[in-house]
Amino acid sequence: MIRTILAAALVSAAAAPAAAQHDHSHQAAPAAPDYAAALAGAHRSEANRARDQYRHPAETLAFFGLTPGMTVVEVAPGGGWYTEVLAPILSEHGKLYAAHGIPEASEYAAKSLAAYQTKLGSNPVYKAVEVTKFGKDHYDSLAPAGSADMVLTFRNVHNWYMADFAGDAFKAFYKALKPGGVLGVVEHRLPEDRPDETMKSSGYMKRSTIVALAEAAGFKLAGESDVNANPKDTADWPKGVWTLPPNFREGDTDRAKYTAIGESDRMTLKFVKPAS
């Protein structure tokens, strides 16, 4: 069920244009991220560190080709779990746009953005982060057009799909990226033999659907990894993906069972905006 496809030449070419162009200091950016330092930083809570075993941030970001000095867009960062890892890597060399939600959309969106901004103000490690907006009918403000070396989104495509703007979202990512830039997508995986309508309520997405969305926007699939795969997840839970940790939508019902399964089975897809 799990496939790993690596187009080595394309991946290498995609990672190449990233590094020093956004470093305006006299000191060159490090050649590789210090993931150990980022993951061990005091700005991270114990609860967030506990998720590392399921989300494999170092391996995931290495697969996408993250390097210091890049301009990166994190789309829909939520509470900032991945921001905690990205920010220290880019704090001295690079730029991180956090394309958060539209606060006018709902009270929840406004509270979520306010909490995220409070988080950013709590530690100087977030000094390279600039908050922008992204949401339905707000596609042009996530980052300046053609400015980003990398756009990343973690477990969000299902939300855009359920709200009927996933296609526009991928077009916005394409516009924000430089030619040769990388789009990294992590998403809950729905088996291909399930009905398409399952994607409208379960939180799981078919690989074929995400690839089709990306290709329709102009991207090329550069590779995929099983680093975030979980064969224990059968993707058929009573309350969709939110049945599993960390949400536990069933409360105490079968909690030990879901804890043993862990977080969802996830695909990790790397796309490239063609260089010409």
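Use the structure listed above.
About the criteria used
- Residues numbered from 1 in each chain as written.
- Predicted model: local features only at pLDDT ≥ 70, side-chain atom pairs only at ≥ 80, totals over all residues.
- Heavy atoms only, no water.
- Helix = DSSP H or I, 4+ residues; strand = E, 2+ residues; numbered from the N terminus.
- Rg over C-alpha atoms; globule rule 2.2 N^0.38 Å.
- Buried < 20%, exposed > 50% of the residue type's maximum accessible area, 1.4 Å probe, protein only.
- Contact = heavy atoms within 4.5 Å.
- Salt bridge = Lys/Arg side-chain N within 4 Å of Asp/Glu carboxyl O.
- Phe/Tyr/Trp six-rings, centres within 6.5 Å; stacked < 30°, edge-to-face > 60°.
- Lys NZ or Arg CZ within 6 Å of the ring centre and 35° of its normal.

A. Summary view of the overall build of the protein chain. Looking only at helices and strands, the protein chain has eleven helices and nine strands in total. Computed over C-alpha atoms, the radius of gyration of the protein chain comes to 18 Å, within 12% of the 19 Å expected from 2.2 N^0.38 for 276 residues, which places it in the range of a compact globule. For the protein chain, the spread of C-alpha atoms along the principal axes amounts to about 55 × 40 × 35 Å. A total of 276 residues make up the protein chain; the buried ones form 53% of that total. Long-range contacts, defined as pairs at least 24 residues apart, comprise 77% of the intrachain contacts of the protein chain with a sequence gap of at least 6.

B. Quick peek at the pattern of salt bridges. Evaluated as defined, the whole model comprises 18 salt bridges. Here Arg44 makes a salt bridge to Asp52, at a shortest N to O gap of 2.8 Å. By relative accessible area, Asp52 is classed as buried at 18%. Its salt-bridge partner being Glu250, residue Lys239 comes within 2.6 Å of it at the nearest N-O pair. Here Lys239 is found in the loop between β8 (220–225) and α11 (255–261), whereas its partner Glu250 is found in the loop between β8 and α11, with eleven residues between them in sequence. Look at the salt bridges and you will find they share partners, linking Arg44, Asp52, Glu84 and Lys119 into a network.

C. How the structure looks around the packing of aromatic side chains. Summed over the entire model, instances satisfying the criterion amount to 13 aromatic pairs. Seen in terms of ring centroids, Tyr82 and Phe154 are 3.6 Å apart; in terms of plane orientation they differ by 0°. Their pairing is stacked. Note that Tyr82 is positioned in the loop between β2 (71–75) and α6 (83–90) and Phe154 in strand β5 (residues 148–154), a separation of 72 residues in sequence. The same class applies to Tyr82 as to Phe154, namely buried. For the pair Phe134 and Trp160, a centre-to-centre distance of 5.5 Å together with 75° between the ring planes defines the contact as edge-to-face. Placement of Phe134 in the loop between β4 (129–133) and β5 and of Trp160 in helix α8 (residues 157–162) is noted, with a sequence separation of 26 residues between them. As far as the burial class goes, Phe134 and Trp160 line up, both buried. Through a chain of ring-to-ring contacts, three or more aromatic side chains come together here, namely Phe134, Tyr139, Trp160, Phe165, Phe170 and Phe173. Positioned over the ring face of Trp81 is Arg55, at 5.0 Å from the centre of the ring. Cation over ring: Lys273 sits above Tyr174, and NZ or CZ is 4.6 Å from the ring centre.

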